Amino acid sequence: MDVNPTTEFVLHLADNALILGQRNAEWCGHGPVLEQDIAISNISLDLIGQARSFYQYAAELQGNGATEDSLAYLRNERQFRNCLLVEQPKGDWATTTLRQFFFSTYQQLLFQQLLSHSDERIAAIAEKTLKEVNYHVRWSSEWVIRLGDGTAESHRRLEQAIQDLWLFTGELFTSTHYEIESGVDVALLRSNWEEKIRSNFEEASAEMPTNVFARTGGKTGLHSEHLGFMLAELQYLQRSFPGCEW
Amino acid sequence: MSVHNLEQLFQDKIDAEIKIEPLDWMPEAYRKTNIRQISQHAHSEIVGMLPEGNWISRAPSLKRKAILLAKVQDEAGHGLYLYSACETLGISREETINDLHSGRAKYSSIFNYPTLSWADMGAVGWLVDGAAIMNQVMLTRTSYGPYARALVRICKEESFHQRQGFESLLVLSRGSAEQRAMCQDAINRWWWPALMMFGPRDSESTNSDQSMKWKIKRKTNDELRQQFIDMCVDQVKLLGMTLPDPDLKWNADRNHYDFGAINWDEFWQVVKGNGPCNRERLQARKQAWEDGVWVREAAAAHATKKRERANAA
């Protein structure tokens, strides 16, 4: 993809938010209890809102008539720059809340760094978004503790979710060329992230995995099989009826 | 005081337009009717999330996706107020939900129809929410206080949804030939089921008389249905679409539109469980509830442990 690094970085931020928003929306109408159905849908809405802010900016940077919708609906799997973590299936409530905790904690640290980014627009979106992200961290960290501490079954499911998701967390801190060239160092975030996860896991009586291989690829367009199905659904109407207003 | 006197006092209050509140004396049948009606309304909000939730993943633009998700989430919120209003009558949310799952409690039959195209999101907003609002605006003046108050808030959000639905049809109606066909097809499929939402004809409705006397209902099914039809005939013109009823005709004597025969056999079949999606809808709700058992248990166990630790400290 022949785009400048800042545009690619902004698309990466947008894709992360859209794909996780799309995943979380699968809970809408199917949550474990009404209040939490509303909460996860709310997080999904926040993420779609974030995605729109970033896509709108990427569209401006890219020019050539690009819009938030052309970027979300008319790029292929190999052009998406989201991390592998966000495209994994929603799984059970433990998988969903743990993934949210991993991702939101990462976003919180990243957006704090972006507050002082030289690109004012990126800094402004980060600032606006941080308020929501802080809430996502609080909500998801509480669920991790609740499930770790709750019953034997919830504890077992949390441990399983950790097993399933941990290998996707390394990618968050593996720098790509577009991050480096945009003046963003994600590797710097790692120790703070691990510290937050560790202290939360202690409260949840959960083990931190060690020496786990980090699977990477999503951020540079090499995805799991899941993404293709997600995009097939997400993009269906725009692909079937090109050039329409909705 | 004798029950007879209590009943007289109760009816006097109703006649004087004084709201009945949870701790007031009320006839058992009034309590039961309200539980039935409010819980049915709550279930309709929750089951109603499914047909529209069906299109969240496929919404054609990010803006439409956000609008649809927010709308379905509002319905969850309505369900929440209504279950709470129901609890003031002495029945827990869990009991109410069990009644839905066992098939003892009903929900609006309209949600047993499938949403087959994107235009259905608009048609559901315009016609289904539109029909629901007719009923609910009347119910903001219902005699049971907590229900009336919940409805004031619900109606504000529902009329917003209805405008959004209509606006989304308007965009389709001005779009490509395929979009216009999609729009007309959705209107054709939702029109008759929307008319059935007002319930059986007054002559066939079993619950009406007592409910009118107790001011649980304030207009009859037929009155509301006529009001809705008159409104839609004007609105459909703005879309440049038609309503699928060749017998729709202005009647100057009645000052209303005459309309064709409603297929009540279909209505009763859907009520009995033979609609296109009855099984799927109920199954999806049961599945969500059963899959959530361990989550709710974990939350309860954690809350207890936390309380015990706080007490021990």
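Residues numbered from 1 in each chain as written. Chains lettered and ligands numbered in written order. Predicted model: local features only at pLDDT ≥ 70, side-chain atom pairs only at ≥ 80, totals over all residues. Heavy atoms only, no water.

1. Structural notes on the overall build of chain A
- Each helix and strand counted, chain A has 11 helices and 0 strands in total.
- Its helices and strands taken in sequence order, chain A reads α-α-α-α-α-α-α-α-α-α-α from the N to the C terminus.
- Scaling as 2.2 N^0.38, a compact globule of 246 residues should have a C-alpha radius of gyration of about 18 Å, and chain A matches this with 18 Å.
- For chain A, the spread of C-alpha atoms along the three principal axes comes to 55 × 40 × 30 Å. (Helix = DSSP H or I, 4+ residues; strand = E, 2+ residues; numbered from the N terminus. Rg over C-alpha atoms; globule rule 2.2 N^0.38 Å.)

2. Observations regarding unusual backbone geometry
- Positive phi is not limited to glycine here, since A:S205 has a value of about 50°.
- Within the secondary structure, A:S205 is located in the loop between α9 (190–203) and α10 (226–234).
- Since its relative accessible area comes to 51%, A:S205 is described here as exposed.
- Positive phi outside glycine occurs at B:K215, with the angle close to 55°.
- With respect to the helices and strands, B:K215 occurs in the loop between α9 (208–213) and α10 (221–239). (Buried < 20%, exposed > 50% of the residue type's maximum accessible area, 1.4 Å probe, protein only.)

3. A word on the pattern of salt bridges
- Applying the stated criterion to the full structure yields 28 salt bridges over all chains.
- Residue A:D149 pairs with B:R309 through a salt bridge whose shortest N-O separation is 3.2 Å. Residue A:D149 is found in helix α6 (residues 120–149), and its partner B:R309 is found in helix α13 (residues 293–312); the two belong to separate chains.
- Residue class for B:R309 comes out partly exposed when judged on its relative accessible area of 45%.
- Note that A:E194 is salt-bridged to A:R190, the shortest N-O span being 3.5 Å. With A:E194 and A:R190 both in helix α9 and 4 residues apart, this pair spans about one turn of that helix.
- We classify A:E194 as partly exposed; its relative accessible area is 25%.
- Given the relative accessible area of 34%, A:R190 is considered partly exposed.
- Bridged by salt links that share partners, the residues A:D92, A:E153, A:R156 and A:R157 form one connected network. (Salt bridge = Lys/Arg side-chain N within 4 Å of Asp/Glu carboxyl O.)

4. Digging into the environment of B:A299
- Within the element layout of this structure, B:A299 appears in helix α13.
- Contacts of B:A299, omitting those with residues within four sequence positions, involve A:W143 and A:R146. (Contact = heavy atoms within 4.5 Å.)

5. Points about the interface of chain A and chain B
- Taken together, the 46 residues of chain A in the interface contact 47 residues of chain B.
- Buried surface at the junction of chain A and chain B, summed over both partners, amounts to about 3900 Å²; 68% is from carbon and sulfur atoms.
- Ranking the residues of chain A by area buried against chain B places A:L34, A:D149 and A:W246 at the top, with a combined share of 18%.
- There are 2 salt bridges connecting chain A and chain B.
- As a salt-bridge pair, B:R93 and A:E35 come within 2.5 Å of each other at their nearest N and O atoms.
- The interface formed by chain A and chain B contains 18 residue pairs in polar contact (both at pLDDT 80 or more).
- Of all the elements in the fold, those that place two or more residues in the side of chain A that touches chain B are α1 (5–25), α2 (34–62), α3 (68–73), α5 (93–114), α6, α7 (152–165), α10 and α11 (236–240) of chain A.
- Considering each element in turn, the side of chain A that touches chain B owes the most residues, 11 residues, to α2(A).
- Broken down by class, the residue content of the side of chain A that touches chain B amounts to 23 nonpolar, 11 polar and 12 charged. (Buried area = accessible area lost by both parts, 1.4 Å probe. Polar contact = N/O pair within 3.5 Å; in protein donor to acceptor, adjacent residues only side chain to side chain. Nonpolar A, V, L, I, M, F, W, Y, C, P; charged D, E, K, R; others polar.)

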